[in-house]
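Next come the chains, spelled out residue by residue.
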Amino acid sequence: MLCGIVAKKLVNYLPMAPEQWLNLIQNAKKTAIIQDGKRKVHFLMEDGREMVEEYHMETNVLLRRAWKEKGKLGQDVGWNVEIGDPEPRQNNIEACGIEESSSAPFITRRITKTSLEWRIRNLSYPRNVYDVTAEDDGTITIRTSNKKYFKKIIVPDLERAGLKPEQDRISFTHQYSTLIITYSKPPALLELEKKVLDEILQLKVKKDGDAQCPIS
């Protein structure tokens, strides 16, 4: 049987009106704990999906968001990280006889108070070969003039706010073999994030060492 490395589908990123995402957060069963200097929140959605988030205690900036993944038989198969450092890569060499190259480009996401950020590592080409564009399909697309790299990035934050990316909000730099793409948050996204954060800050939190909540 052939075995390969398949990119994960973005099954949790569903286009919606802003009130839908806010309602999903409001109606979820939520548990919060302060641990390792972070505010960690576990969400159990009405549709059965589970999400965890981590916020910086002083700035309230979102540091991590991950969704629990289920296999075809409903078993837990780990966490799909939407924001923050990815889970350690699985070594497929024993199961498949192949191993994903450590030099392959990979993306990590960050959020600041004013922008969304993507870092695509292991891209050694000079800055002038990259073209980063907002597309009508709702993605931010990266192309290189040397035809060596092509990637469409789904932007769930914008989809949840009912928005599409705008070209004039995109900027990018390149250093240390990393392409850094920055997207300036539009007012509608800032407002939605504020409403969600208000929900989070209202939660009663447990301190580290108290009875543990189900947070990854």
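Scroll up for the structure.
Residue numbers run consecutively from 1 along every chain, following the written order of its sequence. In keeping with the model being predicted, local features are shown solely for residues with a pLDDT of at least 70 and side-chain atom pairs are shown and tallied solely at 80 or more, while totals for entire chains, interfaces and linings include all residues. Only heavy atoms go into the side-chain values, all of them from the structure, while hydrogens and water stay out.

Peer 1: Can you walk me through the sheet that holds strand β7 (residues 115-121) in this structure?
Peer 2: In a beta sheet, neighbouring strands are held together by backbone hydrogen bonds and run either parallel or antiparallel to one another. Strands were regarded as paired on the criterion that DSSP finds at least two bridges between them. Helix and strand assignments come from DSSP, with helices taken as H or I runs of at least 4 residues and strands as E runs of at least 2, each series counted from the N terminus. With respect to topology, four strands assemble into an open sheet ordered β6-β7-β12-β11, the strand pairing being antiparallel. This sheet does not close on itself; its edge strands, each paired only once, are β6 (106-111) and β11 (170-175). Pairs of neighbouring strands in the sheet enclose a mean axial angle of 20 degrees, with direction left out of account. Sheet topology places β11 next to strand β12 (residues 178-184); six bridges connect them, and they run antiparallel. Within the sheet, the bridge partner assigned to Thr173 lies in β12 and is Ile180. Every axis corresponds to a line fitted to the C-alpha atoms, with the helix fit spanning only the stretch in contact, and the corresponding angles, defined between N-to-C directions, vary from 0 to 180 degrees.

Peer 1: Before we go on, may I ask you to explain the packing of aromatic side chains in this structure?
Peer 2: Ring pairs (aromatic) are described by centroid distance and by the angle formed between their planes. Any pair of Phe, Tyr and Trp rings, taking the six-membered ring for Trp, is counted once the centres come within 6.5 Å. Such a pair is stacked with planes under 30 degrees apart, edge-to-face with planes over 60 apart, and tilted for the rest. Applying the stated criterion across every chain, the model contains two aromatic pairs. For the pair Trp21 and Trp67, a centre-to-centre distance of 6.4 Å together with 50 degrees between the ring planes defines the contact as tilted. One end of the pair, Trp21, is in helix α1 (residues 18-27); the other, Trp67, is in strand β4 (residues 62-70), and 46 residues separate them in sequence. For the pair shown, Trp21 and Trp67 are each scored as buried. For the pair Tyr125 and Tyr130, a centre-to-centre distance of 6.5 Å together with 45 degrees between the ring planes defines the contact as tilted. Buried residues are those whose accessible area, probed at 1.4 Å on protein chains only, stays under 20% of the maximum for their type, while exposed residues exceed 50% and partly exposed ones sit between those limits. A relative accessible area of 6% places Tyr130 in the buried class. When the NZ atom of lysine or the CZ atom of arginine is within 6 Å of a ring's centre and also within 35 degrees of its normal, the charge is said to sit over that ring. Above the plane of the ring of Phe172 lies Arg127, whose end atom (NZ or CZ) is 4.3 Å from the centre. Residue placement shows Arg160 over the ring face of Trp21; its charged tip is 4.3 Å from the ring centre.

Peer 1: Explain the pairing of strand β2 (residues 38-44) here, please?
Peer 2: Remark: a regular strand shows side chains that alternate across the two faces of the sheet. For β2, the tally of buried residues reaches five of seven residues, placing the bulk of the element in the interior. Where strand β1 (residues 29-35) meets β2, seven bridges bridge the pair, whose relative direction is antiparallel. By the bridge assignment, Lys30 is partnered in β2 with Phe43. The antiparallel pairing of β2 with strand β3 (residues 50-56) creates a hairpin that spans five residues between the two strands, and Gly48 there sits at a positive phi of about 95 degrees.

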